[in-house]
Amino acid sequence: MSTPTQRWENLVQWLQELGMKVDGDHFLVESRYRQGAGNALFATADVPSSRALFALPARAKMNIVTLSPRYPSDARAPILTATQLISLHLLLSRPSGGSESPDTVFRPYISVLPQEFDSHPLTWLVKRRLKRSSPAEDNLLSSLPPSAYSMLSRVEHRFLEDWRVVRNYILVFRQELPIKYAACEQLSRDSLELSSTLDFLWAWLNVNTRCLYDDLGKSREDNLSMCPVFDLANHAWQNPTMEPKNRNEGFGRKMSDLTCTSGKTAVARDEELCITYGAHSNGFLLAEYGFINNVSEDDISTGAYPGEVNVQDLVEELFAKRGQLGAEMKEVLEAESYWGDWTLHSSPRPAYPSYRLITALRLYHTCPDVPDSGQLSESAVQIWRSTVCGQRDIISGVNEASWRKSLLQICRRVEGRAQSSVKKIDSQKTVIVGEVSEAWLGWAINNVRSLWIEEMLVAREAAYSVEAGEEF
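These numbers come from a predicted model, not from an experiment. (Residues numbered from 1 in each chain as written. Predicted model: local features only at pLDDT ≥ 70, side-chain atom pairs only at ≥ 80, totals over all residues. Heavy atoms only, no water.)

**A few points about the packing of helix α5 (residues 121–129) against helix α8 (residues 194–210)**
As a packed pair, α5 and α8 sit with axes 11 Å apart at the nearest point and diverge in direction by 160 degrees. The angle between α5 and α8 places the two elements in the roughly antiparallel class. Regarding α5 and α8, the two cross each other, and that crossing is right-handed. Contact residues: α5 offers Leu122, Thr123, Val126 and Lys127, while α8 offers Thr197, Leu198, Leu201, Trp204 and Leu205. Among the residues forming the contact of α5 with α8, the class breakdown is 6 nonpolar, 2 polar and 1 charged. (Axes fitted to C-alpha atoms, helices over the stretch in contact; angles between N-to-C directions. Helix = DSSP H or I, 4+ residues; strand = E, 2+ residues; numbered from the N terminus. Parallel < 35°, antiparallel > 145°, perpendicular 65-115°, else oblique. Left-handed = near helix turned anticlockwise from the far one by under 90°. Contact = heavy atoms within 4.5 Å. Nonpolar A, V, L, I, M, F, W, Y, C, P; charged D, E, K, R; others polar.)

Right, here's the structure in full:
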């Protein structure tokens, strides 16, 4: 059984054999363990801004170009997407019992990948589907805000669909796979098997949490790569200290090397190197990547951090209460691409509702606010459309007052349920943590709690804006 240090050294040696320069002038990073974040990437020297930290050879990337030649393809099964193919390869190549990967090509890289994703919410959800989740995992799932759970469910749907396709592929080509899969005989097209599903979940999460958009000249969904060394860098929501070179500087062309540089400011020796995953909400980050941005309550309440709350469940509830009229309004919003994705935002100040939310609430209040109040008239819809097209600023003063009142009620409901959820989590935390010994559990509970805190603060700030008469 090799140690993390040995696996890192093996990776560097393998990269050198592929042509990567790993001397002290060209390879200015190393992997170290950081409490609460696992393996991370650190600078080995003082580095000025925009200086190359390392250049990863194209052959070291794991993608549809480097893997496709090793896998059969014919009319018996559909062509795999990049995510499906890389996940399949990791499934076949997963190290077991602390040993190294059986893959002879990417062994050093696969051997340094995370060995488990116990703290990822998708793991809890898939285990629950398999009837193998723990009470603590079930409790965490039931404690998620509705919007975060909805995003997580969509991630699970993608995972299950990819597993269905890959499972069928394995059944078709089981005798031609480059690495024998021991669980082949147990697979079927119609059922989820515990061990193989969790193995594929490990593989799929490695791809979903670590891949990088990489223009390989393929379709957009296939333009991604898993990149050794680069993918050790953790996410920072502000002031990232490392970045890939852009398209004009060489990254992005078909099967190009990946050069990573320091950020806009100098990096000190032993400083952690971080990248940014993009401007995503914390709910999205938790559902997709299994973590959230580390922000304080002041960051949200002062607008320094762009807090976001999706209020779709509450707005859908409003329309549902209107019966047939609400259903007709939903049809209009869907036709005009304004159904769903209704959000509140804390930044830039003052806090505000999304334009999509305002647009939906304006339509909601084009008719008297009582259930089954008749059909939605075409004239009301046309007046509403005129505000969408910018032909008029508002529908009417009464309509403006009405939707702002509904918005305030939504904000207060979000704030109230968030406060109740935080209290419930705090009251149960000691019991939950005491049930099991997983080191990640307390961290996971704090992540869920932080999502509710964010919802509470963002909704509160948006309510202040409504009460202050802010124009949105």
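Additional details are given in the paragraphs that follow.
**Focus on the pattern of salt bridges**
One pass over the structure, following the stated rule, counts 23 salt bridges. A salt bridge links Arg94 to Asp199, with the nearest nitrogen and oxygen atoms 2.9 Å apart. Of this pair, Arg94 sits in the loop between α3 (82–93) and α4 (107–110) while Asp199 sits in helix α8; the two residues are 105 residues apart in sequence, bridging distant segments of the chain. By relative accessible area, which is 26% here, Arg94 ends up partly exposed. The residue Arg385 makes a salt bridge to Glu336 at a minimum N-O spacing of 2.7 Å. Within this pair, whereas Arg385 is found in helix α14 (residues 378–388), its partner Glu336 is found in the loop between α12 (323–335) and β12 (343–345), the two being separated by 49 residues in sequence. Ionic contacts of the salt-bridge type, sharing partners, join the residues Arg412, Glu415, Arg460 and Glu467 into one network. (Salt bridge = Lys/Arg side-chain N within 4 Å of Asp/Glu carboxyl O. Buried < 20%, exposed > 50% of the residue type's maximum accessible area, 1.4 Å probe, protein only.)

**Remarks on the sheet that holds strand β11 (residues 308–310)**
As summarised here, the arrangement of the 3 strands in space is β11-β12-β13, forming an open sheet in which the pairing is antiparallel. Each end of this open sheet is capped by a strand with a single partner; those strands are β11 and β13 (352–353). Where β11 meets β12, 3 bridges bridge the pair, whose relative direction is antiparallel. Pairing of Val309 across the sheet is with Leu344, part of β12. (Pairing = 2+ DSSP bridges.)

**Considering the environment of Ala136**
Within the secondary structure layout, Ala136 lies in helix α6 (residues 135–143). Take Ala136: its relative accessible area is 3%, and that puts it in the buried class.

**Concerning the nonpolar core**
One finds Phe54, Leu90, Ile170, Met242 and Leu344 to be the most contacted residues of the largest nonpolar core, which totals 139 residues. Here this core gets 14 residues from one element, more than from any other, and that element is helix α16 (residues 441–467). Among residues more than four places away in sequence, those in contact with Phe54 are Met20, His26, Phe27, Val29, Leu41, Val229, Phe230, Met242, Leu258, Thr259 and Cys260. (Core = buried A, V, L, I, M, F, W, Y, C linked by side-chain atoms within 4.5 Å.)

**A look at the side chain of Asn234**
Examined against the element boundaries, Asn234 turns out to sit in strand β7 (residues 234–235). In this structure the side chain of Asn234 is engaged in a polar contact, spanning 2.9 Å, whose partner is the side chain of Glu272. (Polar contact = N/O pair within 3.5 Å; in protein donor to acceptor, adjacent residues only side chain to side chain.)

**Looking at the packing of helix α7 (residues 146–173) against α8**
It is at 11 Å that the axes of α7 and α8 come closest, and there the two elements cross at 115 degrees. The handedness of the crossing between α7 and α8 comes out as right-handed. Across the interface between the two elements, Val155, Arg158, Phe159, Asp162, Trp163 and Val166 from α7 touch Ser196, Thr197, Phe200, Leu201, Trp204 and Asn208 from α8. Residues of the contact of α7 with α8, tallied by class, amount to 7 nonpolar, 3 polar and 2 charged.

**A short note on the domain arrangement of the protein**
A common way to report how large an interface is uses the accessible area buried once the components associate. Under the domain assignment used here, the protein contains domain 1 (4–61 + 227–293), domain 2 (63–211) and domain 3 (308–468). Residue-level contacts link 14 residues of domain 2 with 17 residues of domain 3. Counting the surface lost from both domain 2 and domain 3, the interface buries some 1300 Å², and carbon and sulfur atoms represent 74% of this. In this assembly, domain 2 and domain 3 are joined by 3 residue pairs in polar contact (both at pLDDT 80 or more). Mapped by element, the contributors of at least two residues to the side of domain 2 that touches domain 3 are α6 and α7. The class makeup of the residues in the side of domain 2 that touches domain 3 is 8 nonpolar, 4 polar and 2 charged. (Domains from an automatic or database assignment. Buried area = accessible area lost by both parts, 1.4 Å probe.)

**Thoughts on α6**
Those residues of α6 that fall on the buried side of the exposure criterion are Ala136, Glu137, Leu140, Leu141 and Ser143. The buried residues of α6 all sit within an arc of 165 degrees when viewed along its axis, so they share a single face. For α6, the exposed residues lying more than 90 degrees away from the buried face are Pro135 and Ser142. (Arc of directions from axis to C-beta.)

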